[in-house]
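An overview of the molecular structure
Letter by letter, the chains look like this.
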Amino acid sequence: MEQLKSSGKPFDIPKWEVWEAFQDVKRNQGAPGVDAQSIEDFEADLRNNLYKVWNRMSSGTYFPPPVRAVEISKQHGGGTRMLGIPTVADRVAQTVVARHLGVRVDPVFHEDSYGYRPRRSALDAVERCRERCWKKDWVIDLDIQKFFDSVRW
């Protein structure tokens, strides 16, 4: 196991974490990014590709490539929005970082935060709302439809 640990690098990222991140990316599938490299293409030279991601991340020289912009229709009409599709290598790097951040940041999130958190879903949030509806005799109703379309980024 010790041979899987990085040595002499500014960031201690074990190689097995990059491997596990790739397994997650592979499970999720996804379209190729700007480099047109599919998951299958990435896997054809897997050892070398994962080594490049690990080496660049652990040495502090990793910079994400551009994302492929794809225009998709909004679910409920009202036009389209842009979706950025990262390369397979970048999805692996993002997964490594997300795992590290999750361990450090999740404990300080508010108990009622449900979005994008492991083992929490929209149904959990609805359940919490129902519990509270029985305890309080007032409700605030807000309509935030298209709210993020109007926020100055």
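Scope of this entry: the structure provided in the associated data block. (Residues numbered from 1 in each chain as written. Predicted model: local features only at pLDDT ≥ 70, side-chain atom pairs only at ≥ 80, totals over all residues. Heavy atoms only, no water.)

**Observations concerning the overall build of the protein**
- Along the backbone of the protein there are 6 helices and 2 strands.
- In terms of overall dimensions, the protein is more spread out than a globule: its C-alpha atoms have a radius of gyration of 20 Å, far above the 15 Å expected for 153 residues.
- When its C-alpha atoms are laid out on the principal axes, the protein stretches across 60 × 40 × 30 Å.
- Counting every position in the protein, which comprises 153 residues, the buried fraction comes to 22%.
- Contacts spanning at least 24 positions in sequence make up 55% of the contacts within the protein whose residues lie at least 6 apart.
- Accessible surface, the protein as shown: approximately 11900 Å² in total, 57% of it carbon and sulfur.
- Across the protein, 24 positive and 22 negative side-chain charges occur, with their mean positions spaced 2 Å apart. (Helix = DSSP H or I, 4+ residues; strand = E, 2+ residues; numbered from the N terminus. Rg over C-alpha atoms; globule rule 2.2 N^0.38 Å. Buried < 20%, exposed > 50% of the residue type's maximum accessible area, 1.4 Å probe, protein only. Contact = heavy atoms within 4.5 Å. Areas by Shrake-Rupley, 256 points an atom, 1.4 Å probe, with all protein chains shown as cover. Lys, Arg positive; Asp, Glu negative; His and termini not counted. Charge placed at Lys NZ, Arg CZ, Asp CG, Glu CD.)

**Let's talk about the state of the cysteines**
- In the structure shown here, the tally under the stated rule is 0 disulfides.
- Left without a disulfide partner, Cys129 is nearest to the cysteine sulfur of Cys133, which lies 6.4 Å away.
- According to the relative accessible area criterion, Cys133 is partly exposed, its value standing at 48%. (Disulfide = S-S within 2.5 Å.)

**Topic: the nonpolar core**
- Formed by 17 residues in total, the largest nonpolar core has its most connected members in Val18, Phe22, Phe42, Leu50, Val53 and Val92.
- For this core, the secondary-structure elements that each account for two or more residues are helix 1 (15–28), helix 2 (39–44), helix 3 (46–59) and helix 4 (88–105).
- Ignoring anything within four residues of it in the chain, the contact list for Phe22 reads Ile39, Phe42, Glu43, Leu46, Leu50 and Val92. (Core = buried A, V, L, I, M, F, W, Y, C linked by side-chain atoms within 4.5 Å.)

**Quick look at the layout of surface pockets**
- Approximately 360 Å³ is the volume found for the largest pocket.
- Along the walls of the largest pocket sit 14 residues, with Lys74, Gln75, His76, Lys146 and Asp149 positioned nearest its centre.
- When contributions to the lining of the largest pocket are tallied by element, the ones reaching two or more residues are strand 1 (68–73) and helix 6 (147–150).
- When residues in the lining of the largest pocket are grouped by element, the largest group, 3 residues, is from helix 6.
- Residues that form the lining of the largest pocket fall into these classes: 4 nonpolar, 6 polar and 4 charged. (1 Å grid on protein atoms, 1.4 Å probe; cavity = no way out; pocket = protein on both sides within 12 Å on 5 of 7 lines; lining within 4 Å. Points joined across faces, edges and corners; volume = space filled by probe spheres on them. Nonpolar A, V, L, I, M, F, W, Y, C, P; charged D, E, K, R; others polar.)

**Focus on the pairing of strand 2 (residues 80–85)**
- By the bridge criterion, 6 bridges tie strand 1 to strand 2 in an arrangement that is antiparallel. Paired with Ile72 across the strands is Arg81, a residue of strand 2.
- Remark: 6 residues form the turn of the hairpin made by strand 1 and strand 2, two consecutive strands paired antiparallel; Gly77 in that turn has positive phi of roughly 75°. (Pairing = 2+ DSSP bridges.)

**Looking at the packing of aromatic side chains**
- Enumeration over the complete set of coordinates arrives at 3 aromatic pairs.
- With a centroid separation of 6.3 Å and 40° between ring planes, the pair formed by Trp19 and Phe22 is classed as tilted. You can see Trp19 and its partner Phe22 sitting in helix 1, 3 residues apart, about one turn around the helix.
- Using a relative accessible area of 0% as the deciding quantity, one classes Phe22 as buried.
- Taking 5.5 Å as the distance between ring centres and 45° as the angle between the ring planes, the aromatic pair formed by Tyr51 and Trp54 counts as tilted. (Phe/Tyr/Trp six-rings, centres within 6.5 Å; stacked < 30°, edge-to-face > 60°.)

**Observations concerning helix 4**
- Look at helix 4: 25 Å from first C-alpha to last across 18 residues, which is about the 26 Å you get at 1.5 Å a residue.
- Inspection of helix 4 places Val88, Ala89, Asp90, Arg91, Val92, Ala93, Thr95 and Val96 among the buried residues, and these make up the whole buried set.
- Where helix 4 is buried, its residues contact helix 1, helix 2, helix 3 and strand 2. (Expected span 1.5 Å × (residues − 1).)

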